[in-house]
Amino acid sequence: SDSDSDSEDSSLSDSELQEAFARGELKPGLNVVLEERPKRRNDTDGLKQCLAEFRQQLTWVERLDVTLGPVADPVSQSASTSDAVDPENDFQREMSFYRQAQAAVLEALPRLRKLQVPTRRPDDYFAEMAKSDQQMQKIRQKLKSKQEAMERSEKAKQLRAMRKYGKKVQVEILQRRQKEKKNMLNAVKKYQKGLSDKLDFLDEEQTSSQGNKKGNASQRTKKGPNAKRRYKNQKFGFGGKKKGSKWNTKESFNDVSSFQSKVAHNKGPGKGGRGGKGGKKALNKRPGKRARQKMKNRAR
């Protein structure tokens, strides 16, 4: 068949190639190996002719070419040569470029000043920007909006943190109150059942409330009275105790030395009896409504 013939041809070709490789007639690789290398030519005359064709005889101020080595290192006081610079060291390589450019500037600036070429930009120099004002305005607005968005995000983050902290404090306060309430209820139950005869939980409740009141009062009075209050206190005094000043005490209730029965019962000299005309009631009698109205009209 055709497939058998193709396999035989391929096997024959492979065997032939192996024999040729064993004899050394085949070379490794896909490229053709040349036995003789081409000779290099150094055509000096041709290179000089090409250089003369495109060379332009211009003055130095038009060319501004400076060829110098690197400037001397101020630390070591020696110029770093190309042999001393390690090409694999990025820092040394960049420093050599920098010092070479520095040497070119130190050489070129005096020559430019000698030729009266200005080397400094004037103060009123105006350089047109590559981008228009509208484009720069858009960029400015975009940067401003981005900054505002960052500020809003930061404020929202702070508010979330404050809410979280406030909720945490609130939860702690509620838990503490629930715990105190539970402890007090347990103490009340123990007292009701007769397991305990102490009422310390009531004292603790009162002391805690009084402590809160005292704390608030101390916070209020810490600052002290203002100048107006101090002046009035100095002028009129503090006035003494007002509340409960007319209440009876045990001593005043039992003290009857100043009691006068005649005065108490309206029986003094020149005073009538209970229903008399000259009694205490008649002296302190208040005029009627009509009389008071007449007196008010007269005063007007």
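- If you look the chain up in an unreviewed UniProt entry, it shows as EBP2 protein from Sylvia atricapilla.
- Annotation of the chain in UniProt includes, under Sequence similarities (unreviewed entry), the sentence "Belongs to the EBP2 family."
- According to the UniProt record, the Function (unreviewed entry) comment for the chain is "Required for the processing of the 27S pre-rRNA."

## Considerations on the environment of methionine 95
- Among the structural elements, methionine 95 can be located in helix α4 (residues 90-114).
- The exposure class assigned to methionine 95 is partly exposed, which follows from its relative accessible area of 26%.
- When the C-alpha positions of methionine 95 and proline 70 are compared, they lie 9.3 Å apart, and in sequence the two are 25 residues distant.

## Concerning the packing of aromatic side chains
- Enumeration according to the criterion identifies 0 aromatic pairs in this entry.
- The residue whose ring lies beneath arginine 111 is tryptophan 60, and the NZ or CZ to ring-centre distance is 4.0 Å.

## With respect to unusual backbone geometry
- Notably, leucine 64 is not glycine yet its phi reads approximately 55 degrees, a positive angle.
- Here leucine 64 lies in the loop between α3 (60-63) and β1 (72-73).
- The partly exposed category is assigned to leucine 64, whose relative accessible area is 47%.
- Residues other than glycine seldom take positive phi values, yet glutamine 116 does so here, at roughly 60 degrees.
- Secondary-structure assignment places glutamine 116 in the loop between α4 and α5 (133-193).

## Some words on a nonpolar patch on the surface
- A contiguous nonpolar patch, built from Val61, Leu64 and Leu115 and spanning about 250 Å² of accessible area, is present on the exposed surface.
- Along the chain, the position of leucine 115 falls in the loop between α4 and α5.
- Its relative accessible area of 48% is what places leucine 115 among the partly exposed residues.

## With respect to the pattern of salt bridges
- Taken as a whole and assessed by the stated rule, the structure comprises 2 salt bridges.
- The partner of aspartate 65 in a salt bridge is arginine 63, with the nearest N and O atoms 3.4 Å apart.
- Residue classification places aspartate 65 among the partly exposed residues on the basis of a relative accessible area of 40%.
- Where aspartate 90 meets arginine 93, a salt bridge forms, and the shortest distance between an N and an O atom there is 2.9 Å. Taken as a pair, aspartate 90 and arginine 93 lie in helix α4 at a separation of 3 residues, close to a single helical turn.

Parameters at a glance
Residues numbered from 1 in each chain as written. Predicted model: local features only at pLDDT ≥ 70, side-chain atom pairs only at ≥ 80, totals over all residues. Heavy atoms only, no water. UniProt positions renumbered as here; feature names shortened; annotations may be inferred. Helix = DSSP H or I, 4+ residues; strand = E, 2+ residues; numbered from the N terminus. Buried < 20%, exposed > 50% of the residue type's maximum accessible area, 1.4 Å probe, protein only. Phe/Tyr/Trp six-rings, centres within 6.5 Å; stacked < 30°, edge-to-face > 60°. Lys NZ or Arg CZ within 6 Å of the ring centre and 35° of its normal. Patch = residues over 30% accessible without salt bridge, like charges linked within 9 Å, V, L, I, M, F, W, Y side chains within 5 Å. Areas by Shrake-Rupley, 256 points an atom, 1.4 Å probe, with all protein chains shown as cover. Salt bridge = Lys/Arg side-chain N within 4 Å of Asp/Glu carboxyl O.

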